[in-house]
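Given next are the chains, with one letter for each unit.
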Amino acid sequence: MSKLIKIRKGYDIKLVGTAELKFGETPRVSHYALIPDDFSGVIPKLEAREGDKVQAGDVIFHSKVDSRIKFCSPVSGEIAEVVRGEKRKIMAIRIIAESETTYRDLGKANPSDLSREQVIEKVLSSGIWPTIQMRPYGRIASPDDKPRAIFISGMDTAPLAPDLNFALQGLENEFQTGIDALAKLTEGKVYLSLENGVSACPAFANAKGVEVNHFEGPHPAGNVGTQIHHLAPINKGEVVWTMKPQDVVMLGRLFSEGRYNASKVVALTGSEVEAPQYYHMVAGASIEGLVSSGIKGSNNRFISGNVLTGRNTGAKGYLGYYDTQLTVIPEGDQTEFLGWVLPGFGKFSLSKTFLTWMNPNKKFVLDTNMHGEERAFVVTGQYEKVFPFDIYPQQLIKAVMVRDIELMENLGIYEVTDEDFALCEVICTSKLPLQETVREGLDYMYKEMN
């Protein structure tokens, strides 16, 4: 039975630069890259070398921890460079793309005719398996686990987030095929969460084999972690899997087209974009051509993802493996003379420090300035105002800092990942890197428990 869940705690950060619901012409992209740091907990082992010719779907590297988890080229072309950092760490594998993409034939199949083991084997061999994430720990799912359920969030409430109902227009068959494949992977339910009061696209509205629930409220109502917590919280020893809607489409294409087709709809957003809109892109594409024109100012930050959880990629960077949004905002590397004294009419604040609280619908042009530096961990009770979990966030952060496993378990670390603390990080008086702290805690727990 469908539920309507209202999220009370949270906050919508209203920014200038929402993408208009139309497609722009995507410039031809000649360079792509796989960036191992996009995959939490993965140490890459190369299977391809510089100069190798590859097709879309050919394996570039696999995880040293589990060689079954493979990472494949999103396009056909030539391995141009393996970029290494300190201690020869692999930072990126750059690929020069051919003008026409050719695909490795992975074979078409109807997931309903396959066993669970056959579906897993097919997804593992295709390079799509890394799109399946697990909770707890927020990392790539283990093929050996049997998830209690699989969750898909059909809504994104992050700042300037893409409209998923627009992005999945015309992809009904691919989405349903992906759902059919996911249904083979769990003996439990496949949950699809939608935004209450918003007309769902046909792919969501007509989806079969899923339990549909509706959410309403401010961010992070669209985070899959929030939805899991309110629908079926995770207990110790349980595992659930999650997947994003566009990745479900990619999974459906694997079975219906028999190939690794990593194309997706990406929203170019932000106050420094002259015409924010949507583009058809491929995972790992260079963004240089896309942002070489139509960008205001000259000192900007280019983010793959949203302003809360995205990665600073630079103007010559690459679209992240999991990202469907690019954001361009002003760099905040300038000081503000007597900024703390001025009245701040137009300044953003979640508290009522500035008079802008009297205009709740105002959209802001925000830069990256932190307006302060890291300081002592002050107990303020601010986190609880934007953290819609029945968890004490401040106590959990402290338990992570001292690596107290028993206390972390008791305070609910199995239910959260780093993105669930993004809003807490924004309002943190102490300016602490909470997402990084939670990620370190999750990695520590995974290492100790496995």
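Conventions adopted
- Residues numbered from 1 in each chain as written.
- Predicted model: local features only at pLDDT ≥ 70, side-chain atom pairs only at ≥ 80, totals over all residues.
- Heavy atoms only, no water.
- UniProt positions renumbered as here; feature names shortened; annotations may be inferred.
- Helix = DSSP H or I, 4+ residues; strand = E, 2+ residues; numbered from the N terminus.
- Pairing = 2+ DSSP bridges.
- Axes fitted to C-alpha atoms, helices over the stretch in contact; angles between N-to-C directions.
- Polar contact = N/O pair within 3.5 Å; in protein donor to acceptor, adjacent residues only side chain to side chain.
- Contact = heavy atoms within 4.5 Å.
- Patch = residues over 30% accessible without salt bridge, like charges linked within 9 Å, V, L, I, M, F, W, Y side chains within 5 Å.
- Areas by Shrake-Rupley, 256 points an atom, 1.4 Å probe, with all protein chains shown as cover.
- Salt bridge = Lys/Arg side-chain N within 4 Å of Asp/Glu carboxyl O.
- Lys, Arg positive; Asp, Glu negative; His and termini not counted.
- Charge placed at Lys NZ, Arg CZ, Asp CG, Glu CD.
- Buried < 20%, exposed > 50% of the residue type's maximum accessible area, 1.4 Å probe, protein only.
- Core = buried A, V, L, I, M, F, W, Y, C linked by side-chain atoms within 4.5 Å.
- Domains from an automatic or database assignment.
- Phe/Tyr/Trp six-rings, centres within 6.5 Å; stacked < 30°, edge-to-face > 60°.

As annotated in an unreviewed UniProt entry, the protein is Na(+)-translocating NADH-quinone reductase subunit A from Phaeocystidibacter marisrubri. Recorded under Subunit (unreviewed entry), the UniProt text for the protein is reproduced unchanged: "Composed of six subunits; NqrA, NqrB, NqrC, NqrD, NqrE and NqrF." Listed in UniProt under the heading Sequence similarities (unreviewed entry), the comment for the protein reads: "Belongs to the NqrA family."

### Topic: the environment of A183
By the element assignment, A183 lies in helix 3 (residues 172–183). Separated by 33 residues in the primary sequence, A183 and I150 have C-alpha atoms spaced 8.3 Å apart.

### So, the sheet that holds strand 6 (residues 70–72)
Here we have three strands laid out as an open sheet, ordered 3-5-6, and antiparallel in their pairing. Two strands bound the open sheet, and with one partner strand each, they are strand 3 (44–46) and strand 6. Taken over all neighbouring pairs, the strand axes of this sheet differ in orientation by 30° on average, direction set aside. When strand 5 (residues 59–63) meets strand 6, the two strands line up antiparallel, connected through three bridges. Note that in strand 6 the partner of V59 across the bridge is C72.

### Describing the side chain of Q133
Mapped onto the elements, Q133 comes out in strand 9 (residues 133–135). Of the polar contacts made by the side chain of Q133, one reaches the side chain of Y322; its length is 3.0 Å. Those residues within four positions of Q133 in sequence are excluded, and the remaining contacts are G138, R139, I140, A141, V240, W241, T242 and Y322.

### Examining a positive patch on the surface
Together, K45, R49, K64, R84 and R88 make up a positively charged patch on the protein surface. Secondary-structure assignment places R84 in strand 7 (residues 77–84).

### Observations concerning the UniProt feature "domain: NqrA second alpha/beta" (unreviewed entry) in the protein
Annotation from UniProt places "domain: NqrA second alpha/beta" (unreviewed entry) at residues 114–259. Here residues 114–259 is 36% helix and 17% strand, with 17 Å between the C-alpha atoms at its ends.

### Notes on the pattern of salt bridges
Scanning the model with the defined rule gives 19 salt bridges in all. Among the salt bridges present, the one from R139 reaches D443, with a minimum N-O distance of 3.1 Å. Placement of R139 in strand 10 (residues 139–140) and of D443 in helix 12 (residues 434–449) is noted, with a sequence separation of 304 residues between them. Measuring nitrogen to oxygen at the nearest pair gives 2.8 Å for the salt bridge that ties K189 to E211. Remark: E211 occurs in strand 13 (residues 211–216) and K189 occurs in the loop between helix 3 and strand 12 (190–195); sequence separation between them is 22 residues. Looking at E211, the relative accessible area reads 14%, which means it is buried. If you follow the salt bridges from partner to partner, you end up with R139, D418, R439 and D443 in one network.

### Regarding the nonpolar core
Counting residues in each nonpolar core, the largest one holds 118 residues, and the members touching the most others are W129 and F175. If you count residues domain by domain, this core takes at least three from each of domain 1 (263–330) and domain 2 (370–449). If sequence neighbours within four positions are ignored, W129 has contacts with I69, I120, V123, L124, I140, A141, S142, P143 and W241. Judged by nonpolar contacts, the second largest core, of 14 residues, contains A149, Y191, A221 and L231.

### What to know about the packing of aromatic side chains
Two aromatic rings, taken as a pair, are described by how far apart their centres are and by the angle between their planes. Under the counting rule described, the total for this entry stands at 18 aromatic pairs. Here F387 and F421 contribute two aromatic rings whose centre-to-centre distance is 4.8 Å and whose plane-to-plane angle is 45°, an arrangement assigned as tilted. Of this pair, F387 sits in the loop between helix 8 (383–386) and helix 9 (393–401) while F421 sits in the loop between helix 10 (405–410) and helix 11 (422–427); the two residues are 34 residues apart in sequence, bridging distant segments of the chain. Each member of the pair, F387 together with F421, is buried.

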